[in-house]
Amino acid sequence: MAEAKTGDRVSVHYKGTLDDGQQFDNSRERDEPIDFVVGDNQIIAGFEDAVKGMTPGDTKAVRVEAEDAYGERRDELVFTVPKSELPDDVEVEVGSRLQLGTPDGQSVVVTVTAIDDDNLTLDANHMLAGKALNFEIELVDVQEQA
């Protein structure tokens, strides 16, 4: 059986939890494994590294530290904007997620963390930034690339 290595397309089932046991994702519940090319940086580095060397049917539990997942939380990604900048038809509450355009044409998802009479506080950190992630991984398939 082929071992997963850089350049191979793999199919993986996984369950992701935080250190407190809270589940944040589970491909089996969707009945949909993820597919990616090892080494293409399509997924977090620690997850990708864990898959290398596995063969179809192998399972593994791995803990991925924040720096190898979504990085550390960055205070500079928390900012305040006037409510008046929102379109009139958009209603938000704490916990709402919004997609904003950046000056360079990119888009970023932010979470509303506070609201007062005039302003919204928005957090552009990934919701899993600053957290270690625990994965139960099963390698379903490897397609070796020539």
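These figures come from a predicted structure and were not determined experimentally.

## Observations concerning the overall build of the protein chain
Each helix and strand counted, the protein chain has 2 helices and 9 strands in total. Along the protein chain, helices and strands appear, N-terminal first, in the series β-β-α-β-α-β-β-β-β-β-β. Since a compact globule built from 146 residues should have a radius of gyration of about 15 Å, the 19 Å found for the protein chain marks it as more spread out than a globular shape. The buried share among the 146 residues of the protein chain stands at 32%. A total accessible area of about 9000 Å² is found for the protein chain, and carbon and sulfur atoms account for 43% of it.

## Here we look at the confidence of the model for the protein chain
Of all residues in the protein chain, 99% attain a pLDDT of 70 or more, and the chain-wide mean is 94. Averaged pLDDT values for the elements of the protein chain fall to 89 in strand E6 (residues 97-101) and rise to 98 in strand E1 (residues 9-17).

## Re the pairing of strand E7 (residues 107-115)
With 5 bridges connecting them, E6 and E7 associate as antiparallel partners. Residue pairing in the sheet places Gly-101 in a bridge with Ser-107 of E7. Two successive antiparallel strands, E6 and E7, enclose a turn made up of 5 residues, where Gly-105 displays a positive phi of approximately 90 degrees. With 4 bridges joining them, E7 and strand E8 (residues 119-123) adopt antiparallel strand pairing.

## Re a negative patch on the surface
Judged by side-chain charge, Asp-31, Glu-32, Asp-35 and Asp-141 come together as a negatively charged surface patch. Within the secondary structure layout, Asp-31 lies in the loop between helix H1 (27-30) and strand E3 (34-37). Residue classification places Asp-31 among the exposed residues on the basis of a relative accessible area of 66%.

## Notes on the sheet that holds strand E5 (residues 78-82)
To summarise the sheet geometry, strands pair through backbone hydrogen bonds and adopt either a parallel or an antiparallel arrangement. Strands sit in the order E5-E8-E7-E6 across an open sheet of 4 strands; the sheet is antiparallel. With partners counted over all chains shown, the strands left at the sheet margins are E5 and E6, one partner each. Taken pair by pair, the neighbouring strands of this sheet meet at an average axis angle of 45 degrees, ignoring direction.

## Regarding the pairing of E8
Alignment of E5 against E8, held across 5 bridges, turns out to be antiparallel. Paired with Val-78 across the two strands is Asp-123, which belongs to E8. Between E7 and the antiparallel strand that follows it, E8, lie 3 residues.

## Focus: the pattern of salt bridges
Scanning all chains against the criterion turns up 9 salt bridges. The partner of Asp-8 in a salt bridge is Lys-5, with the nearest N and O atoms 3.3 Å apart. Asp-8 gets classed as buried once you look at its relative accessible area, which sits at 1%. Arg-30 is the partner of Asp-25 in a salt bridge, and the nearest nitrogen-oxygen pair spans 2.4 Å. Note on Arg-30: relative accessible area 40%, which makes it partly exposed. Salt bridges sharing partners connect three or more residues here, namely Lys-5, Asp-8 and Glu-144.

## Considering the side chain of Thr-55
Mapped onto the elements, Thr-55 comes out in the loop between helix H2 (45-51) and strand E4 (59-64). With relative accessibility at 17%, the residue Thr-55 sits in the buried group. The contact partners of Thr-55, leaving out residues within four places of it in the chain, are Met-1, Ala-2, Glu-3 and Leu-139.

Conventions we followed
- Residues numbered from 1 in each chain as written.
- Predicted model: local features only at pLDDT ≥ 70, side-chain atom pairs only at ≥ 80, totals over all residues.
- Heavy atoms only, no water.
- Helix = DSSP H or I, 4+ residues; strand = E, 2+ residues; numbered from the N terminus.
- Rg over C-alpha atoms; globule rule 2.2 N^0.38 Å.
- Buried < 20%, exposed > 50% of the residue type's maximum accessible area, 1.4 Å probe, protein only.
- Areas by Shrake-Rupley, 256 points an atom, 1.4 Å probe, with all protein chains shown as cover.
- pLDDT = per-residue confidence, 0-100.
- Pairing = 2+ DSSP bridges.
- Patch = residues over 30% accessible without salt bridge, like charges linked within 9 Å, V, L, I, M, F, W, Y side chains within 5 Å.
- Salt bridge = Lys/Arg side-chain N within 4 Å of Asp/Glu carboxyl O.
- Lys, Arg positive; Asp, Glu negative; His and termini not counted.
- Charge placed at Lys NZ, Arg CZ, Asp CG, Glu CD.
- Axes fitted to C-alpha atoms, helices over the stretch in contact; angles between N-to-C directions.
- Contact = heavy atoms within 4.5 Å.

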